[in-house]
Every structure is written in C-alpha cells, then in structure tokens.
Amino acid sequence: MVVQGLDNGVARTPPMGWSTWNTFRFDVSSSLIIKSADAMISSGLRNAGYEYVLIDDGWPMCAEYNHRDGHCLVPYPRDSQGRIQVNTTKFPDGMAVLADYIHSKGMKLGIYTAVSETTCGGFTGSLHHEKIDAQTFADWGMDFVKMDTCGKGPYGCGVHDGCMQNSTAAMRDGLNATGRPIVFYIDAGNPTSSQRTYNPYQYHVRPEAMVKVASIPSQLVWEWGPSTANMWKHWFDIGDNWASTIDNLHNMARLEMYQTPGAFNTPDMLTVGQGAMTETQYRSQFFLWAVLGSPLILGNDVRSMDNFTIELLTSSEVLAVNQDKDCVQASLAHFEGATEVWVKPLSSRNFAAVLFNNGPEPANVTLEISSNYQGNGDFYPATFPSAHLRDIYAQKDLGVYTDGYTALVQGYDAMILLVIPDLL
Ligand code: GAL
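The rules behind these values
Residues numbered from 1 in each chain as written. Predicted model: local features only at pLDDT ≥ 70, side-chain atom pairs only at ≥ 80, totals over all residues. Heavy atoms only, no water. pLDDT = per-residue confidence, 0-100. Contact = heavy atoms within 4.5 Å. Pairing = 2+ DSSP bridges. Helix = DSSP H or I, 4+ residues; strand = E, 2+ residues; numbered from the N terminus. Axes fitted to C-alpha atoms, helices over the stretch in contact; angles between N-to-C directions. Phe/Tyr/Trp six-rings, centres within 6.5 Å; stacked < 30°, edge-to-face > 60°. Salt bridge = Lys/Arg side-chain N within 4 Å of Asp/Glu carboxyl O. Buried < 20%, exposed > 50% of the residue type's maximum accessible area, 1.4 Å probe, protein only. Disulfide = S-S within 2.5 Å. Core = buried A, V, L, I, M, F, W, Y, C linked by side-chain atoms within 4.5 Å.

Even after reading the chapter, I still don't get the confidence of the model for the chain, so can you show me in this structure?
In low-pLDDT regions, the fine details of the predicted coordinates are not to be read closely. Within the chain, residue pLDDT values average 89, and 86% of them lie at 70 or more. Of the regions scoring below 50 in pLDDT, residues 200–215 engages in 35 contacts with residues more than four places distant in sequence or in other chains. Scored below 50 in pLDDT, residues 374–378 makes six contacts in the model with residues more than four places away or belonging to other chains.

The structure is reproduced here in structure tokens:
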C-alpha cells in the first residue's frame, strides 16, 4: 500500500524541534520560550535542524486555576469575535510579537489546542471553533499546530461518532484556507481509556505486550492521519523512563506503511536529557527514534544541557538518517530474547540499522547481511552478498562483512550502523 501524505507543502522530512510539555507542563510563558530558543541557538541545536519551538498546553487565559497542579478549572470565555484569549500574564506582548522574535532567529513557533471544549489541562479548546482558531493561529504567525484529543465528559469529542475525525479535518481545512504553511499534528493518544486507539499490528511483534485490538475503524488514526495531518501519535504520553520508552517504541512496529513524506507516525517526544534515565538509555532512545524517521521533538530543559546531551542530539550522521528524504520508517527486522534489530531503508539505497539490547545484561546482537532473516517470518528489505558497515554515532568504519555482523551490546544500549550493500 502506498499512502498519500498530506500535501500542504510542509514537513517533507520529519519536523525537528522542542516542546514545553515534558519539563514545564502548564508553566509556559514568552520568557521561557525566548530563553529556550536562545539556548537552542547557542548550544547548536538550531543549526543541527531543531527549528520548531512549540508552546504546549497552558497558554490561554483561564478563569480559575487549580493552583496545586496548574490545571485550569474554569476556562475563560472567547473574545467578542470568538477568538481564544492569550494569558496576558504569561505572554504580556501577545503571540504575534513572540512569533516575530522566533522568526527573527531563523526558527519557527508552534501552538497547542484540542478537539474538545477544553484541552487536556482544562483550558479553552477548539471543538466547533476550528476555523476561527486556525485563522487566529495563522494571524499570530504560528508555523505548527498540535491538536490533542483529550475528550472529557460532555465537553469531550470522543472517537466513536467520528467527532475526532471531523474536528481535525475542520482544523486541517481551516489551516489550509489561511494560506500559511503550518505543520499540523494530531495527538490521538488521549481519548478516554476505553476509547484508546490500539495498534493491531503490534500483536505480531510482541504478543505479550498486546493489550487490546481496536475494533472501531475510526480509532485507527494511522489510517485517516495521512490525509488529515502531517503527524499523529496514537499511544500513551511518553514518560522519562525505560518502560514508557519501550512501550511507545513497540507500538510503532508494523505501522511503517502509513508513513511517507508529509505524514509521520510518532512515538511521542524524546526525553533525552531530562535526567531520569542513563546516558545509555537516552542514546538508545535517540537512535531508535532516528531510524523510525519520527519527528524529533525534544522535551528536556534546553537551557541546561550537559555535553553528552548536546553531542547526542546534534550527531550529524544520525540526524541525516532521520532526515532521509524518503521518510521510510524502520521495521523491526528481527527480535530474539531481549535483542532487536531495526532496519530503515534510505533514499541512497543504503540502510540504517539499530542493533538494540532491551535487556539489562550484555547480549550479542546480529545484523544479518546475506540471509534476509528468512525462516523467522521476519522482514528485511533486501539481500546482498556483502556490505560495508559504519558506526555512524562513533563515526567509524567497521569494514566489510558477508554473512552478518555481530556486536556485543551492553544492557539497554544500542548501536546505529550505516549499511552500504555491495550489489550483486
Ligand atoms: C496530553 C498530551 C501531551 C500534552 C498534554 C497537555 O494529553 O498527550 O503531549 O499536550 O496533554 O495537557
């Protein structure tokens, strides 16, 4: 199957940037955005390609806060023209001035809303106001819109009645009508738990991790996502821990066919640099997100990054794999015990491969070269007699291999290789 990606001219390769959510939750402000953008420039992130600065939930005016956790208990009314009002304490100069600043730095600005009357955090959402909100975001100079799907009670959109598809389609049309190039992201991972979208394909990969198969076609966001948005998430929010990283990773398996330039699956933001995992675990997360061809949206505090984090995130050969123009998502070509091999075909006709050890003990991981993994019923996109291998994180050539290449990979660690086949 060949999917047709949304043809709105943007996100021809996976968008890269940073979002406020993972670290700052509802505590967003223009000063945080400006300081973070400045830090992205001084640390080299912007020049490495991280150009989107994304304001997540918490930016609209709120009539009554829960001061304990920053949720909005009573959303603020729209203005006389029906527009969402910006919190003037957090954004004293308004959004357009902030967008001007970000643009003057060669970067792009994004904003957040939801397909419900209130966002996940209880702030004003866009349900039934998609058109005017799209216009407002464009008028402010936004370059990216994330639309969430937290449907709560009578205010929620839900998924069973097609409301989620209708509201996101209305936002897509509204954004297109503005004439401004805007990346559109649907976070479909947050309907109420009984309505969650499940990935039936994952069953073939890690049966023991399977929870439930979606029975309602409208829940399968990857099927209607490519014609509606530039990117979508169907699974839980990522947390800065290993179990969450692995769960989100495995839920990407077998969704390769839905990804194409302009339309991306995503296992959610990265947590690299947030501090609760080891360097090894962050490195693995980054390599895996890279070969998935997922959008790379950071969630750490970019104002205070150590050298390891900066070097990892700006690793040029790894980023080049992620940004490959064919945008093919890596397949889980093989798994055995806790080890996994993910393979991404590249436009150059080479491949990128991640040799990954998902267990705590060191383990041998083998990249097959001439055997095509056949016999396991597993997937490998090509066979060839031999291949040159390069460790693209260490930037080191490993030599020519024929049958296969086996590496001892430490617990929770991964290697990312460029595989340059010798043609028959
Ligand atoms: C979640 C969403 C997060 C963040 C949050 C804001 O449901 O998946 O990424 O946007 O809502 O309230």
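Having put the structure on the table, let's press on.
What am I meant to see in the sheet that holds strand S18 (residues 414–422) here?
The strands making up a sheet are joined through hydrogen bonds of the backbone, oriented either antiparallel or parallel. With antiparallel pairing, the six strands of this open sheet are ordered in space as S11-S12-S13-S18-S15-S16. The outermost strands of the open sheet, each flanked by one partner alone, are strand S11 (331–336) and strand S16 (396–401). For this sheet the average axis-to-axis angle between neighbouring strands, irrespective of direction, equals 25°. As paired strands, strand S15 (residues 386–391) and S16 are joined by five bridges and run antiparallel to one another. Bridge pairing in S16 links Arg390 to Asp397. The strands touched by helix H8 (residues 242–250) are strand S12 (339–345) and strand S13 (351–357); relative to S12, the strand with the most contacts, the crossing angle is about 50°. On the sheet, helix H9 (residues 279–292) packs against S12, S13 and S18 and is oriented at approximately 145° with respect to S13.

Sorry, what's going on with the packing of aromatic side chains here?
Geometrically, a pair of aromatic rings is defined through the distance of the ring centres and the angle of the planes. Enumeration over the complete set of coordinates arrives at 15 aromatic pairs. Where Phe137 meets Trp140, the ring centres are 6.1 Å apart and the plane angle is 50°; that geometry is what we call tilted. Note that Phe137 and Trp140 are positioned in helix H5 (residues 130–140) at a spacing of three residues, about one turn of the helix. Measuring from ring centre to ring centre gives 4.8 Å for Tyr401 and Tyr405, while their planes differ by 75°; the resulting arrangement is edge-to-face. Linked through ring pairs, Trp21, Phe26, Tyr65 and Phe123 together constitute an aromatic cluster.

Where do I start with the pattern of salt bridges in this structure?
Side chains that differ in charge, positive against negative, can pair when their charged atoms come close. In total, this model carries 13 salt bridges according to the counting rule given. Arg78 is paired through a salt bridge with Asp133; the nearest N and O atoms lie 2.8 Å apart. Separated by 55 residues along the polypeptide, Arg78 in the loop between strand S4 (72–75) and helix H4 (94–104) and Asp133 in helix H5 bring together distant segments of the chain. In terms of burial, Arg78 and Asp133 fall into one category: buried. Residue Asp237 is joined to Lys233 by a salt bridge in which the shortest nitrogen-to-oxygen separation is 2.7 Å. For Lys233, a relative accessible area of 1% gives the class buried. One salt-bridge network, in which partners are shared between bridges, spans Asp56, Lys146, Asp187, Lys233 and Asp237.

Help me understand the sheet that holds strand S5 (residues 108–114), please; the structure alone is not making it clear to me.
The eight strands are arranged S9-S8-S7-S6-S5-S2-S1-S10 in an open sheet whose pairing can be described as parallel. Each end of this open sheet is capped by a strand with a single partner; those strands are strand S9 (264–265) and strand S10 (296–298). In the sheet, strand S6 (residues 144–148) pairs with strand S7 (residues 183–187) via five bridges, with the strands oriented parallel. The partner of Asp148 across the bridge, within S7, is Asp187. Lying on the sheet, H4 is in contact with strand S2 (52–54) and S5; it crosses S5 at an angle near 140°.

For this particular structure, what's the right way to read the state of the cysteines?
Joining two cysteines, a disulfide is a covalent bond between their sulfur atoms. Taken as a whole, this structure holds one disulfide when the rule is applied. Two residues share a disulfide in this structure: Cys62 and Cys72, whose sulfurs sit 2.2 Å from each other. The sign of the 100° torsion about the S-S bond sets the Cys62-Cys72 disulfide as right-handed. Of this pair, Cys62 sits in strand S3 (residues 62–65) while Cys72 is found in strand S4, placing the two residues ten residues apart along the sequence. Cys72 matches Cys62 in its accessibility class, with the two residues each being buried.

Sorry, what's going on with the nonpolar core here?
Nonpolar side chains in soluble globular proteins tend to be buried together. By size, the foremost hydrophobic cluster in this structure holds 90 residues, and its most contacted members are Tyr50, Trp59, Met95, Phe286 and Trp342. Among the elements that make up this core, the one with the highest residue count is H9 (eight residues). Beyond its immediate chain neighbours, meaning those up to four positions away, Tyr50 contacts Met16, Gly17, Met40, Leu45, Met107, Phe286, Leu296, Leu298, Leu313 and Leu319. Residues Ala353, Ile369, Phe384 and Leu389 belong to the second largest nonpolar core, which totals 18 residues.

Would you take a moment to explain unusual backbone geometry for this structure?
Negative phi values dominate among residues other than glycine, just as trans dominates among peptide bonds. Despite not being glycine, Asp268 has its phi angle at roughly 95°, a positive value. Summarising the element assignment, Asp268 is placed in the loop between S9 and H9. For Asp268, a relative accessible area of 5% gives the class buried. Its identity as a non-glycine residue notwithstanding, Arg349 has a phi of 75°, on the positive side. Tracing the chain through its elements places Arg349 in the loop between S12 and S13.

How should the environment of Val419 be read in this particular structure?
Looking at the element boundaries, Val419 is found in strand S18. Residue class for Val419 comes out buried when judged on its relative accessible area of 1%. Distance from Val419 to Asp391, taken between C-alpha atoms, is 9.1 Å for residues 28 residues apart in sequence. Discounting residues that sit within four places of it in the chain, Val419 has contacts with Asn350, Phe351, Ala353, Leu367, Phe384, Ala387, His388 and Leu389.

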